[in-house]
Amino acid sequence: MREIEADWFVCAVPAEAAVRTLGPEVCELDEDLTDIDRLETDWMTGVQFFLCERTPLVHGHVIHVDSPWALTSIAQAQFWSGIDIPARYGDGTVRDCLSVDVSAWDVPGPLTGKTARACTREEVVREVWHQLEGSLRRDGRGLLSRDLVHSYFTDPAIRWPTEPGALAHNTEPLLISTAGSRRWRPKPAGKVANLFQAGDHVDVDLNLATMEAADQSAKAAVNALLATAGSTAAPCVVRGWEQSAELARLHRLDDELYAAGLPNAFDRPAPWQRPGRE
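Attention in this report is confined to the structure presented alongside it. (Residues numbered from 1 in each chain as written. Predicted model: local features only at pLDDT ≥ 70, side-chain atom pairs only at ≥ 80, totals over all residues. Heavy atoms only, no water.)

In this section: the overall build of the protein. Along the backbone of the protein there are five helices and 13 strands. Its C-alpha atoms give the protein principal-axis dimensions of roughly 65 × 55 × 45 Å. Here the protein, with 278 residues, has 36% of them falling under the buried criterion. Within the protein, contacts between residues separated by at least 24 positions form 59% of all contacts whose residues are at least 6 apart in sequence. Total accessible area on the protein stands at roughly 17300 Å², and carbon and sulfur atoms take up 54% of it. Mean positive and mean negative side-chain charge positions of the protein (27 and 41 charges, respectively) differ by 6 Å. (Helix = DSSP H or I, 4+ residues; strand = E, 2+ residues; numbered from the N terminus. Buried < 20%, exposed > 50% of the residue type's maximum accessible area, 1.4 Å probe, protein only. Contact = heavy atoms within 4.5 Å. Areas by Shrake-Rupley, 256 points an atom, 1.4 Å probe, with all protein chains shown as cover. Lys, Arg positive; Asp, Glu negative; His and termini not counted. Charge placed at Lys NZ, Arg CZ, Asp CG, Glu CD.)

A few words on the sheet that holds strand β4 (residues 62-63). Sheets are built from strands paired through backbone hydrogen bonds, the pairs being either parallel or antiparallel. Within the open sheet, the five strands sit side by side as β4-β5-β6-β3-β9. Their pairing is antiparallel. Two strands bound the open sheet, and with one partner strand each, they are β4 and β9 (149-154). Here strand β3 (residues 45-51) runs beside β9; their pairing, made up of five bridges, is antiparallel. Of the residues in β9, the one forming a bridge with leucine 51 is valine 149. (Pairing = 2+ DSSP bridges.)

Moving on: the side chain of serine 67. Checked against the element boundaries, serine 67 lands in the loop between β4 and β5 (71-75). Engagement of the side chain of serine 67 in a polar contact is seen with the backbone oxygen of histidine 64, the distance being 2.6 Å. (Polar contact = N/O pair within 3.5 Å; in protein donor to acceptor, adjacent residues only side chain to side chain.)

On the secondary structure map, isoleucine 4 appears in the segment before β1 (9-11). Note on isoleucine 4: relative accessible area 52%, which makes it exposed.

Now for the nonpolar core. Ranked by size, the top nonpolar core spans 25 residues in total, and within it Phe49, Trp69, Leu98, Val128 and Leu132 carry the most contacts. In this view, leucine 98 contacts Val47, Gln48, Phe49, Leu51, Ser73, Ile74, Ala75, Trp129, Leu132 and Leu144; residues no more than four positions away in its chain are not counted. (Core = buried A, V, L, I, M, F, W, Y, C linked by side-chain atoms within 4.5 Å.)

The next point concerns a nonpolar patch on the surface. Residues Phe79, Trp80, Ile83 and Tyr89 make up a contiguous nonpolar surface patch of about 360 Å² in total accessible area. By the element assignment, phenylalanine 79 lies in the loop between β5 and α2 (85-88). Take phenylalanine 79: its relative accessible area is 38%, and that puts it in the partly exposed class. (Patch = residues over 30% accessible without salt bridge, like charges linked within 9 Å, V, L, I, M, F, W, Y side chains within 5 Å. Salt bridge = Lys/Arg side-chain N within 4 Å of Asp/Glu carboxyl O.)

Burial within β5 is extensive, with five of its five residues counted as buried. When β4 meets β5, the two strands line up antiparallel, connected through two bridges. What sits directly across from valine 62, in β5, is serine 73. Across five bridges, the pairing between β5 and strand β6 (residues 96-102) is antiparallel. Bridging across to β6, alanine 75 finds its partner in leucine 98.

To continue, consider unusual backbone geometry. Of note, the phi angle at alanine 70 is positive, near 50 degrees, even though the residue is not glycine. Within the secondary structure layout, alanine 70 lies in the loop between β4 and β5. On the basis of relative accessibility, which here comes to 32%, the residue alanine 70 falls in the partly exposed class.

What follows is the structure, given as structure tokens:
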């Protein structure tokens, strides 16, 4: 612990560390800052599989809606145009990276029968690949093969269990946007005149834990600092979020269902939770 004197301060830490970093004396000056502790975080992290062949399944993310662990994935090599991956990385045999996130760490997996938190590192890797193989099928044919896997890498933020009955620990959970939680998000500039907030939990246009939200909040904090300091420097360009026209009808439908006291159109049991499913 050391004391620093400065004219301006930017608090750029994750939501779960913000109040602890600021300390009670600062939070007493702006009671809105203590509400940051009411924001919820959860796990969304997983495994990178390095593959011996290119696997551009789709040009973007895959949401594996039938996977018990709520997997999402993206084949990365298709976006690295102009980069000779085998020549530049690894031993020359790796041609793609399939990056997979696990979002349901408290649901038993069909292969291990254990929740992801209760699994060892190797068990998580086997279970994730098993669920990928089950999800990625076309006309009854699997689109992935274990022979493709050269190696894998797991998030170093996960501390894996080493004793029977112990659970994994994640040092870097992600912010979860729960209903009504936006009122607990701090503004880029609050009641402490020389203190500004940055991070994907800050109340900016992008209401989602992403690098884009963190970037937008950092720019908003810088602009607030420049304005407060009376600087003549050009402000950062902050690009707002544009609503996709293709999804606008779904948003209106959700509003209509909510007003009628009905669940969201997608609020239904997962495939593995439906009656008659083994």
